[in-house]
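Breakdown of the fold
One-letter residues, chain by chain:
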Amino acid sequence: MDREKYVRAAISGVAATGVGLAVGELVAAAISPFASPYRAVGAFLVDHSPAWAREFAIERFGTADKTALLVGMAIGILLITVAAGVLQARRPPLGALVVACFGAVGVVAAMTRPTAHLTYAIPSVVAGVVAVIVLVVLCRGGRSATTEGDETGKPEWSRRKFVGVVGLLVVAAGAAAVVARQVAEAGGVLRERARLRLPTAASPSPAIPNGTDVAIPGVTPFQTTNAAFYRIDTALQVPQLSTDDWQLHVHGMVDEELTLTWDDLMDIPAVERIITLTCVSNEVGGDLAGNARWLGYPMRDILSRAGIRPDADMLLSTSVDGWTSGTPLSAVTDGRDALLVVGMNGEPLPLEHGYPVRQVVPGLYGFVSACKWVIDWEITRFDRASAYWTKRGWGEQAPIKTASRIDRPAPLSTSPPGPVVVAGTAWAQHRGIRAVEVRVDDGPWQKATLATQYSTDTWRQWHWTWDATPGQHTLYCRATDATGAVQPERRVAPIPDGATGWHSRVLRIG
Ligand SMILES: Nc1nc2c(c(=O)[nH]1)N[C@H]1C(S)=C(S)[C@@H](COP(=O)(O)O)O[C@H]1N2
Ligand SMILES: [Mo]
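Residues numbered from 1 in each chain as written. Chains lettered and ligands numbered in written order. Predicted model: local features only at pLDDT ≥ 70, side-chain atom pairs only at ≥ 80, totals over all residues. Heavy atoms only, no water.

1. Some points on unusual backbone geometry
Rules: Secondary structure elements are defined from DSSP: runs of H or I of at least 4 residues count as helices, runs of E of at least 2 residues count as strands, and each element is numbered from the N terminus.
Residue Pro93 follows Pro92 across a cis peptide bond; omega there is 5°. Cis rather than trans, the peptide bond between Ile495 and Pro496 has omega equal to 5°. Relative to the helices and strands, Pro496 is located in the loop between strand E18 (471-481) and strand E19 (503-509). If you check the backbone angles, Trp373 has positive phi at about 50° while not being a glycine. With respect to the secondary-structure elements, Trp373 resides in the loop between strand E9 (358-360) and strand E10 (374-380). For Leu412, which is not glycine, the phi torsion reads 60° and is therefore positive.

Here it is as structure tokens:
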């Protein structure tokens, strides 16, 4: 085969798959965003990837892990479609078969989504058929004029015509993708959220006393805005669940099953609390933590309506996207502010933080407690059920470990000798922070000044003024929780139940 034929074949492969994917998006927009072949395959990969791959992705890409996966998939697909084009030109119909396999993979991925319905297969089937047709047509017409032995006997396309047809296809695919996006976004949930009125709290959050936020530049603010709040979940696509469609089904080891609607929820007196949420995947010094004002309903009250059997010890919560968390019932019923949350910092929950309803349980890592888009509660036992991450090698019980972090000075920064303000934040939710100490190089531990404690469920800022001497120095910090336990020096990785170790920072003075 001459070079032009290869190039045309490769372009045909890419164009055919691109058109197929765009048409798939368009059809999915009319059915369900979860039926999109591309997204469904991505979500399938997320759920079936081994633990090491997930850790690698979070370590390498942090909260951009989803984008990294989608880009990686795009590159993989591009390479395979180039190969499919060439194969189709050389050995038809092998290339078409490869493209058809793509469609089949899409069907399998979409049909195994937790919310799957028979119609979820349609976008992938349509995408596969369109891609095969486009590939076959382009490979026939796109055959280079210098090739001998044209089996079809059909007139070959000039270079100009080939380029024209491919150009048209690219424009059509682009338009389909844009329309698909528009249709998907017009879906009422964002608009519903914008209009939603939340109740005022019967029990408002206590005012934030002066001195809670030391307001030192470079220190993480006491309260995290919704826009700055970290996001961790397995949802490649944010679930779109309206308040009308929302229901919470409570069942399992209960005296009486019950189903709660949004209106039922609104009838319960609301509670507002400031609570710090942290992720088990947070590395020492990491920023997978945030502190927000949550408006919600005591989970304990809802459970007591159903009546929990005495031998139950686990609340298995399921999200509309199929994700699950397993929370010790003791943590939900011991009087702490475990909330079924509808509001975040005075607004309805942002879609990516669990709209319309999620959980927040003080003192437990998010993966065992903070189920977003929650729709189902099964009262069960830890020896009978296990949740999403526990099945993948993470812990079963995961109370938050004490953590402290230096927020300023910036890493590897240079400051002049003399007083340097070192400051940061520390947390040990539901126990509280009693002390933070700072150490310079191998020197003695020095007591930092603590900001006012808002509550034991929130993080606490600290600061310490250092009389800095010229040279390179390493600063360390460690916190003591209210039980008197000092943060251990030993570094432990986040898996299975949270990282330990002292945070440190290297600085230059001079
Ligand atoms: N449905 C669902 N809920 C979820 C998760 C998830 O993957 N899916 N991740 C949990 C984890 S690991 C954490 S740390 C918190 C993070 O909540 P945020 O994204 O609002 O900060 O959500 C929890 N709730
Ligand atoms: Mo997490």
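2. Some remarks on the pairing of E10
Along a regular strand, successive side chains alternate from one face of the sheet to the other. Basically, it comes down to this: Here's how the labels work: a residue is buried when its accessible area is under 20% of the maximum for its type, exposed when over 50%, partly exposed in between, all with a 1.4 Å probe on protein chains only. Any two strands with at least two DSSP-identified bridges between them are counted as paired.
With five of seven residues buried, E10 is to be regarded as a mostly interior element. Where strand E1 (residues 247-252) lies against E10, four bridges are found, and the strand directions are parallel. Bridging across to E10, Gly252 finds its partner in Ile379.

3. Concerning the packing of aromatic side chains
Convention followed: Each Phe, Tyr or Trp ring, with Trp reduced to its six-membered ring, pairs with another whose centre is within 6.5 Å; inter-plane angles below 30 degrees give stacked pairs, above 60 give edge-to-face pairs, and intermediate values give tilted ones.
In the structure shown here, the tally under the stated rule is eight aromatic pairs. Considering the side-chain rings of Phe367 and Trp394, the 6.1 Å spacing of their centres and the 65° angle between planes classify their relative orientation as edge-to-face. Taken as a pair, Phe367 in the loop between E9 and E10 and Trp394 in the loop between E10 and strand E11 (403-408) lie far apart in primary sequence, 27 residues in all. Here Phe367 and Trp394 have matching classes, each one buried. Ring geometry for Trp427 and Trp459: centres 6.0 Å apart, planes at 45°, overall tilted. Of this pair, Trp427 sits in strand E13 (residues 418-427) while Trp459 sits in the loop between strand E16 (449-450) and strand E17 (460-468); the two residues are 32 residues apart in sequence, bridging distant segments of the chain.

4. Some details on the sheet that holds E16
One open sheet accounts for four strands, arranged E11-E13-E17-E16; its pairing is antiparallel. The open sheet terminates on both sides in strands that have one partner only, identified here as E11 and E16. Where E13 lies against E17, nine bridges are found, and the strand directions are antiparallel. Each bridged residue has a counterpart across the sheet, and for Val420 the counterpart in E17 is Trp466.

5. Quick notes on the site of ligand 1
As a reminder, the rule being used: We call a residue near a molecule or strand as soon as one heavy atom of that residue lies within 4 Å of the molecule or strand. Counted as a polar contact is a pair of N or O atoms within 3.5 Å, where, for protein atoms, one must be capable of donating a hydrogen and the other of accepting one, and residues adjacent in sequence contribute only when both atoms are in side chains. The accessible surface values rely on the Shrake-Rupley method and a 1.4 Å probe; as for residues, cover is taken only from the protein chains in view.
Around ligand 1, the surrounding shell holds 19 residues, and the nearest of these are Tyr230, Thr234, His353, Arg358 and Lys372. A distance of 2.7 Å separates an oxygen atom of ligand 1 from a polar atom in the backbone of Tyr230. Residue Ile232 places a main-chain N or O atom 3.0 Å away from an oxygen atom belonging to ligand 1. Contact with the protein chains covers 99% of the free accessible surface of ligand 1, which is 530 Å².

6. A closer look at the packing of helix H4 (residues 65-90) against helix H5 (residues 94-111)
Here is the rule: Between the N-to-C directions of two axes lies an angle of 0 to 180 degrees, each axis being a line fitted to C-alpha atoms and, for a helix, fitted only over the stretch in contact. Comment on the angle field: the value is read as roughly parallel under 35 degrees, roughly antiparallel over 145, roughly perpendicular from 65 to 115, and oblique elsewhere. Note on definitions: a residue-residue contact is assigned when non-hydrogen atoms from the two residues lie within 4.5 Å. Classes in brief: Ala, Val, Leu, Ile, Met, Phe, Trp, Tyr, Cys and Pro nonpolar; Asp, Glu, Lys and Arg charged; the others, Gly included, polar.
Two elements in contact, H4 and H5, have axes whose closest approach is 6 Å; the angle formed by their N-to-C orientations is 150°. Here H4 lies roughly antiparallel to H5, going by the angle between them. Taken together, the residues of H5 that come into contact with H4 (itself represented by Ile77, Ile80, Thr81, Ala84, Leu87 and Gln88) are Leu94, Gly95, Ala96, Val98, Val99 and Phe102. Split into classes, the residues belonging to the contact of H4 with H5 amount to nine nonpolar, three polar and no charged.

7. Here we look at the nonpolar core
Selection criterion: For this analysis, a nonpolar core means a set of buried residues of the types Ala, Val, Leu, Ile, Met, Phe, Trp, Tyr and Cys, connected via side-chain atoms within 4.5 Å. Source of the domain bounds: an automatic or database domain assignment.
Core analysis: the biggest nonpolar cluster contains 72 residues, and Val250, Leu265, Trp294, Leu340, Phe367, Trp377 and Ile379 have the highest contact counts within it. In this structure, this core is formed jointly by two domains, domain 2 (247-392) and domain 3 (403-509), each of which donates at least three residues. Leu265 has contacts with Trp246, Leu260, Tyr297, Ile302, Leu340, Val342 and Val357, leaving out every residue within four places of it along the chain. If you look at the next biggest cluster of nonpolar residues, it comprises 19 residues, including Val438, Trp466, Ala479 and Leu507.

8. Section: the pairing of strand E3 (residues 271-278)
Counting buried residues in E3 gives eight out of eight residues, a clear majority hidden from the surface. Taking every second residue as pointing to the same face, both faces of E3 are buried, with Val271, Arg273, Ile275 and Leu277 on one and Glu272, Ile274, Thr276 and Thr278 on the other. Here E3 pairs with strand E4 (residues 289-298) via eight bridges, running antiparallel. The partner of Leu277 across the bridge, within E4, is Gly290.

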